[in-house]
2 protein chains.
Amino acid sequence: MTLGHPRFPDAASEPCLAVRDVLDRVGDTWSVSVVGRLGCGPMRFNELKRSIDGISQRMLTLTLRGLERDGLVSRTVHPTIPPRVEYALTLLGRTLLEPVTALSQWAALNRATIQEARRRYDARPPPEPLAVVEDKAE
Amino acid sequence: MTLGHPRFPDAASEPCLAVRDVLDRVGDTWSVSVVGRLGCGPMRFNELKRSIDGISQRMLTLTLRGLERDGLVSRTVHPTIPPRVEYALTLLGRTLLEPVTALSQWAALNRATIQEARRRYDARPPPEPLAVVEDKAE
DNA sequence: CTGTATCCCCACGGATACTG
DNA sequence: CAGTATCCGTGGGGATACAG
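A brief report on the enclosed structure follows. As the structure is a prediction and not an experimental result, all values here were calculated from the model.

### Notes on the relation of the copies chain B and chain A
Step number 1: At an RMSD of 0.1 Å, chain B and chain A line up after a rotation of 180 degrees and a shift of 0.0 Å along the axis. Between the two chains, the operation in question is that of a two-fold axis. Closest approach to the rotation axis among the C-alpha atoms of chain B is made by glycine 27 of chain B, whose C-alpha sits 2.5 Å away.
Step number 2: A high fraction, 98%, of the interface residues of chain B reappear at the interface in chain A, so the copies pair face to face through one surface.

### A closer look at the interface of chain B and chain A
Step number 1: Counting residues at the interface gives 57 residues for chain B, matched by 56 residues for chain A.
Step number 2: With both chains or domains summed, chain B and chain A bury close to 5,000 Å², and 67% of this area falls on carbon and sulfur atoms.
Step number 3: At the boundary of chain B with chain A, the tally comes to four salt bridges.
Step number 4: Aspartate 70 of chain A is paired through a salt bridge with arginine 118 of chain B; the nearest N and O atoms lie 2.8 Å apart.
Step number 5: Of all the secondary-structure elements, those providing two or more residues to the side of chain B that touches chain A are α1 (15–26), α2 (31–38), α4 (57–69) and α5 (91–122) of chain B.
Step number 6: For the side of chain B that touches chain A, the element with the highest residue contribution is α5 of chain B, accounting for 22 residues.
Step number 7: By residue class, the composition of the side of chain B that touches chain A is 29 nonpolar, 14 polar and 14 charged.

### Notes on the protein's contact with DNA strand D
Step number 1: Taken together, 19 residues lie around DNA strand D, and Thr29, Arg58 and Met59 of chain A together with Arg75 and Tyr87 of chain B are the ones closest in.
Step number 2: Of all atoms in DNA strand D that approach within 4 Å of the protein, 63% are sugar or phosphate atoms.
Step number 3: One nitrogen or oxygen atom from the side chain of tryptophan 30 of chain A is found 3.5 Å from a phosphate oxygen belonging to DNA strand D.
Step number 4: The contact in question runs from a base nitrogen of DNA strand D to an N or O atom on the side chain of arginine 58 of chain A, over 2.5 Å.
Step number 5: Those elements giving two or more residues to the surface near DNA strand D turn out to be α4 (57–69) of chain A together with α3 (45–51), α4 and β3 (84–89) of chain B.
Step number 6: With four residues, the single largest contributor to the surface near DNA strand D is α4 of chain B.
Step number 7: Of the residues belonging to the surface near DNA strand D, the class tally is eight nonpolar, five polar and six charged.

Rules behind the numbers
Residues numbered from 1 in each chain as written. Chains lettered and ligands numbered in written order. Predicted model: local features only at pLDDT ≥ 70, side-chain atom pairs only at ≥ 80, totals over all residues. Heavy atoms only, no water. Least-squares fit on C-alpha atoms with pLDDT ≥ 70 in both. Contact = heavy atoms within 4.5 Å. Buried area = accessible area lost by both parts, 1.4 Å probe. Salt bridge = Lys/Arg side-chain N within 4 Å of Asp/Glu carboxyl O. Helix = DSSP H or I, 4+ residues; strand = E, 2+ residues; numbered from the N terminus. Nonpolar A, V, L, I, M, F, W, Y, C, P; charged D, E, K, R; others polar. Near = heavy atom within 4 Å. Polar contact = N/O pair within 3.5 Å; in protein donor to acceptor, adjacent residues only side chain to side chain.

Right, dumping it as structure tokens:
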């Protein structure tokens, strides 16, 4: 039953489905950034907004709501004037930080390689004009 | 310089940006599934298509092209009739399998918890009708 | 300060048909 | 078998304005 190529454990048979779950949550444009920032400690709304480059108010709210909904982030309102709302990772949210960090390290490590591969790929001549399509002078 | 709450290493200052890179590649609907399947060994196009539930021909092609472009997947054409094309993870692609698996394990482990959190969140009464809006009988 | 509500664009991805 | 081409719907996300 030995095969000619290395086999990983079924590291990806049903786990695949599980990954999609996480990615559906964390794969969007902003969740990781938010979780990342909160990984450094609780933060207020505008503090987050300022520290995450390019995020809109709307998206920050939506992202935070999503994370809160899934129990990854807690939201604490201090009923003062002006209002003060603090967001923080929950215990669950912090455990997520680990695999995400692993991913980020992989990314940091291989970013250059990937960009190079991409560059090469893009620089390839298109396969061929296929059949010469009789470009008859109209 | 001690603060009142646990601090993670800057696990997310610039790494954040790196993560986005990976997620832009792997965060889409199908990449992880494809990489996952290929983690079990090389496969042909339709073999992949059949083994990944719900993927369309178009998306399989696009996903494979993307992964190939980034040097994560190799594409080998056997010029026979009918054509035979084999896809496989490159070395780089295999290293990606690791952090992805970590993520999938996290997902598998916490899926139930998250769904429960989600259920509770959704079952919450809407904050309030705000101010009673004088629903005067028109 | 911390949001919600609207409008609007466009990229992702499905369905289908055609080709080497 | 292994794609490419086309059409099209949906929703993610930006910009802006308004509200408690």
